[in-house]
Amino acid sequence: MLAGQVAFITGASRGLGRHVALRLAREGVRVVVAARTGVEAVADEIRAAGGEALPVVVDVTRWQSVSDGVALARQHFGKIDILINNAGVGWYKPFDEQTIEELDLTIDVNLKGVMYATKAVLPEMLAAGYGQIVNVGSDLGRRVIPNMAPYVASKFAVLGFSGSLLREVKNRGVKVMTITPGIIDTYFNGGTEGTKEETWSLRPDFVATTIVDMLKLPKHWVLDELAVHAMGQEF
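Because the structure is predicted, anything quoted here is derived from the model rather than measured. (Residues numbered from 1 in each chain as written. Predicted model: local features only at pLDDT ≥ 70, side-chain atom pairs only at ≥ 80, totals over all residues. Heavy atoms only, no water.)

Asks: Help me understand the environment of Val-6, please; the structure alone is not making it clear to me.
Replies: You can see Val-6 is positioned in strand β1 (residues 6-10). Judged by its relative accessible area of 0%, Val-6 falls in the buried class. Every residue in contact with Val-6, bar those within four places of it in the chain, is listed here: Val-29, Arg-30, Val-32, Phe-77, Lys-79, Ile-80, Asp-81 and Ile-82. (Helix = DSSP H or I, 4+ residues; strand = E, 2+ residues; numbered from the N terminus. Buried < 20%, exposed > 50% of the residue type's maximum accessible area, 1.4 Å probe, protein only. Contact = heavy atoms within 4.5 Å.)

Asks: Can you help me understand the pairing of strand β4 (residues 82-85) in this one?
Replies: Looking along a regular strand, one sees the side chains alternate between the two faces of the sheet. Judged by which residues are buried, β4 turns out to be covered on both faces: Ile-82 and Ile-84 on one side and Leu-83 and Asn-85 on the other are all buried. Remark: the β4/helix α4 (residues 100-128)/strand β5 (residues 131-136) crossover connection has right-handed handedness. (Right-handed = clockwise from strand over helix to strand, strands pointing away.)

Asks: When you look at the packing of helix α3 (residues 63-77) against α4 in this model, what are you seeing that I'm missing?
Replies: Helix-helix packing is described using two parameters, namely the angle between the two axes and the distance between the axes. One can describe the packing of α3 onto α4 by two numbers: an axis separation of 8 Å at closest approach and a directional angle of 35°. Note on packing geometry: the crossing formed by α3 with α4 is right-handed. When α3 is examined against α4, the residues Trp-63, Val-66, Val-70 and Arg-74 are found in contact with a partner set consisting of Tyr-116, Ala-117, Lys-119, Ala-120, Val-121 and Glu-124. (Axes fitted to C-alpha atoms, helices over the stretch in contact; angles between N-to-C directions. Left-handed = near helix turned anticlockwise from the far one by under 90°.)

Asks: Is there a simple way to explain the packing of aromatic side chains in this structure?
Replies: Across all of its chains, the model carries one aromatic pair by this definition. Considering the side-chain rings of Trp-63 and Tyr-116, the 6.0 Å spacing of their centres and the 65° angle between planes classify their relative orientation as edge-to-face. In this pair, Trp-63 is assigned in helix α3 and Tyr-116 in helix α4, connecting sequence segments 53 residues apart. Against the face of Phe-206 rests Arg-203, its NZ or CZ located 4.3 Å from the ring centre. (Phe/Tyr/Trp six-rings, centres within 6.5 Å; stacked < 30°, edge-to-face > 60°. Lys NZ or Arg CZ within 6 Å of the ring centre and 35° of its normal.)

Structure follows, in structure tokens:
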């Protein structure tokens, strides 16, 4: 169902984004690996397995960088059918200890980055009458915990943006879906992938497979929001 389509993935150089890129490539999707660093390595990994990939250096906090990256992808592949807004940052510490730079970056990456990438690809999708956008949110977009106030605020906002936009564009053939995972065994908050127990954290390759399954839904189905977390997660 997805073979031959083109996917633009932000934050694709490591963690969940890398696993999504690899998983989509195995489905025959042509993948745009977008991130600030490390894009060549993931693109090479996809090509070595027989897939098609374009590495694009993109800073999602800068509109011009996002716009230029999307333009380069269109020039290379001719279109963009799928957008995975995966890039994200956050810090686990009290609000009064977070710097202004950290506050700005949290909002710029987690919220404005989602809006920038969506803004860049949406006109083409609307013109084609087809497109799928998956925003990687968080289970903290539906609940609150201490020491992550800016991150929680940004993920609440992503859900609001996604739901509102879906209702603007779904009658024109474009889906906007959000996955809200719990703790994932990735590099978030200074972690190292492969170090967390599976009982209380999600394996990124399994989350990636779930995202691909969302993209495979029948044409007239849309999964507005999907929450998933490990059984042992305590919040």
